[in-house]
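# Results of the structural survey
The chain contents come next:
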Amino acid sequence: MNTSPDRNNHILPDLLGAINSTRLYSNNHPQAKLFIGHLIDRLTDIFKTEEKLLIGVFNDSMLVNQKPAVGVGKVSDSMVRLMNEAGIDQIVFLRGLGQEELSVFLKETFGKNANKVKPSDYAHIMVGKITKDEETEDENVDSVMDLDSSQDFIMMLQNLDLKKPFNFNSVNSLSVDLVETFKYSVSPLKYLAEVKSEDEYTYVHTINVALLSMSLAKRMGIGGAELLDIIYAALMHDVGKMLVPKEILNKNGPLTPSEFETIKAHTLNGVMYLTNQKGIPRIAILASLEHHVKYNGGGYPTIAQSWKPHFVSQIISIADIYDALRSNRPYRARLEHDKIVAILRHDAGTGLNPKLVEVFIDMLKEQSRE
Ligand SMILES: [Fe+2]
Ligand SMILES: [Fe+2]
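Residues numbered from 1 in each chain as written. Chains lettered and ligands numbered in written order. Predicted model: local features only at pLDDT ≥ 70, side-chain atom pairs only at ≥ 80, totals over all residues.

Between helix H5 (residues 148-158) and helix H6 (residues 169-181), whose axes approach to 9 Å, the crossing angle comes to 150 degrees. By the angle between their directions, the pair H5 and H6 is classed as roughly antiparallel. Considering the relative orientation of H5 and H6, their crossing is left-handed. Listed contacts from H6 to Ser149, Ser150, Asp152, Phe153 and Met156 of H5 are Ser170, Val171, Ser173, Leu174 and Asp177. Looking at the contact of H5 with H6, its residues break down into 4 nonpolar, 4 polar and 2 charged. (Axes fitted to C-alpha atoms, helices over the stretch in contact; angles between N-to-C directions. Helix = DSSP H or I, 4+ residues; strand = E, 2+ residues; numbered from the N terminus. Parallel < 35°, antiparallel > 145°, perpendicular 65-115°, else oblique. Left-handed = near helix turned anticlockwise from the far one by under 90°. Contact = placed C-beta atoms within 7 Å. Nonpolar A, V, L, I, M, F, W, Y, C, P; charged D, E, K, R; others polar.)

Below, the structure is given as structure tokens:
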């Protein structure tokens, strides 16, 4: 199989051909079917080795999987123009995409009447809209919980059925929504949600951890598909808690040693659950395992001495601790900002990655000034 990095660039001529045929013909016309068929063949080939393909525009250049598309000449210019006209700066195609969904998407996004139709919800395509500067912070979003995708995600977690395949669309949608909503926002921490009842703690906490992990990762210079995977991993870090009995998870009092062991097992339960699902980024499985493992190897579950938690797990650990400390819990009231910072500093180098703690505290400082 051809796995050269340029292989993915060939998607652009195929995409342009499919868009042009969509504009000229109906979706059932043999010519449109032919071009869309070429595009699907190309994507199917890519999806043999990759779970998603990102096509983006940045500074009037096309990017494929965050890398500049080279060797495609004028195709790139035409694609930039079409993306700008459609008001989008990113398309994410996900494994599982079929010809029918792709045809509808192309028609609704790039067709002659694209501006007049309300786009459908696509199961395997995500679109990042270009946000104008004055609209960067949506006035209707006071907290991360105001996003429709947050509500869909919580519903998915609440209805998690171990016997059914995991529906990861809501996780992908929320990941893209977080990136898009806070793309230009300098202070996403203002949008952390407050927990109103113990029942909702795990859900609200999970979304807060995703927002915090995203903010820290961006601050470390991470973007694109890698950022999406980190958010995905953060959204999944406590998925094993969905398998802990509610009476233990929401217990309003001290835990017995055996109850504490049950809670601690959420890491391994999460790994077992995610490993059995198709299409989960590997980093999400690793972070589910490692987010309570300390930087120096302590914590839980017990790991080999030479094992260092993954960088992404280290990011999620900081976000996890910060959100837990700033929240009211049945066994203690929320801590003040200075106290939390002192705890993070104390754990830097032992429990937590010191460099990440430094960047995180700088970020908190900066955002609290705004
Ligand atoms: Fe956890
Ligand atoms: Fe957590």
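So that's the structure; there's more coming.
Let us look at the domain arrangement of the protein. The domain architecture assigned to the protein consists of domain 1 (5-129) and domain 2 (138-369). Using C-alpha coordinates to define each centre, domain 1 is positioned 33 Å away from domain 2. Taken together, the contacts link 12 residues of domain 1 with 8 residues of domain 2. Secondary-structure elements contributing two or more residues to the side of domain 1 that touches domain 2 are strand S1 (52-58), strand S4 (88-94) and strand S5 (125-129). Of all the elements, S5 adds the most residues to the side of domain 1 that touches domain 2, at 3 residues. Across the side of domain 1 that touches domain 2, the residue classes break down as 5 nonpolar, 3 polar and 4 charged. (Domains from an automatic or database assignment.)

With that out of the way, let us pick up the nonpolar core. Within the largest apolar cluster, 52 residues are counted, with the highest numbers of intra-cluster contacts made by Ile231 and Ile318. Every element with two or more residues in this core is listed here: H6, helix H7 (201-219), helix H8 (224-236), helix H11 (266-275), helix H12 (282-290), helix H13 (311-325) and helix H15 (354-369). No other element matches H7, which puts 10 residues into this core. Setting aside its immediate chain neighbours within four residues, Ile231 contacts Ser175, Leu178, Val179, Ala210, Ser213 and Met214. Of all hydrophobic cores here, the second largest spans 31 residues; its members include Ala32, Phe35, Leu97 and Met126. (Core = buried A, V, L, I, M, F, W, Y, C linked by C-beta atoms within 7 Å. Buried ≥ 20, exposed ≤ 12 C-beta atoms within 10 Å, placed from the backbone.)

Right, let's talk about the environment of Val209 for a bit. Note that Val209 resides in helix H7. We classify Val209 as buried; it has 28 C-beta atoms within 10 Å. Considering only alpha carbons, one finds Val209 and Tyr322, 113 residues apart in sequence, at a separation of 8.4 Å. For Val209, the residues in contact, after removing those within four places along its chain, are Ala234, His237, Ile316, Ala319, Asp320 and Asp323.

Here we come to the pairing of S1. With 6 of 7 residues buried, S1 lies mostly within the body of the structure. Where S1 and S4 come together, 5 bridges link them in antiparallel fashion. Along S4, the bridge assignment pairs Leu53 with Phe93. One ladder, built from 4 bridges, connects S1 with strand S2 (residues 61-64); its direction is antiparallel. Each bridged residue has a counterpart across the sheet, and for Ile55 the counterpart in S2 is Val64. (Pairing = 2+ DSSP bridges.)

For residues that are not glycine, phi is negative in most cases, and the peptide bond is trans in most cases. Following Tyr300, the chain continues to Pro301 via a peptide bond in cis, the omega torsion being -5 degrees. Relative to the elements of secondary structure, Pro301 occurs in the loop between H12 and H13.

Moving on, we get to the confidence of the model for the protein. With 93% of its residues at a pLDDT of at least 70, the protein reaches an overall mean of 87. With pLDDT under 50 throughout, residues 132-138 is counted as low confidence; its partners more than four residues away or in other chains account for 5 contacts. (pLDDT = per-residue confidence, 0-100.)

Spanning 15 residues, H13 covers 22 Å between terminal C-alpha atoms, matching the ideal 21 Å at 1.5 Å per step. Of all 15 residues in H13, 12 are buried; the element is thus mostly enclosed. Among all positions in H13, only Val312, Ser313, Gln314, Ile315, Ile316, Ser317, Ile318, Ala319, Asp320, Ile321, Tyr322 and Asp323 are buried. (Expected span 1.5 Å × (residues − 1).)

What describes two packed helices is the angle between their axes and the distance between those same axes. At a closest axis distance of 8 Å, the pairing of H7 and H8 adopts a crossing angle of 150 degrees. Classified by the angle their axes make, H7 and H8 are roughly antiparallel. Between H7 and H8 lies a crossing of right-handed hand. Two secondary-structure elements touch here, H7 through Thr206, Val209, Ala210, Ser213, Met214, Ala217 and Lys218 and H8 through Leu227, Ile230, Ile231, Ala234 and Leu235. When the residues that make up the contact of H7 with H8 are grouped by side-chain class, the tally is 9 nonpolar, 2 polar and 1 charged.

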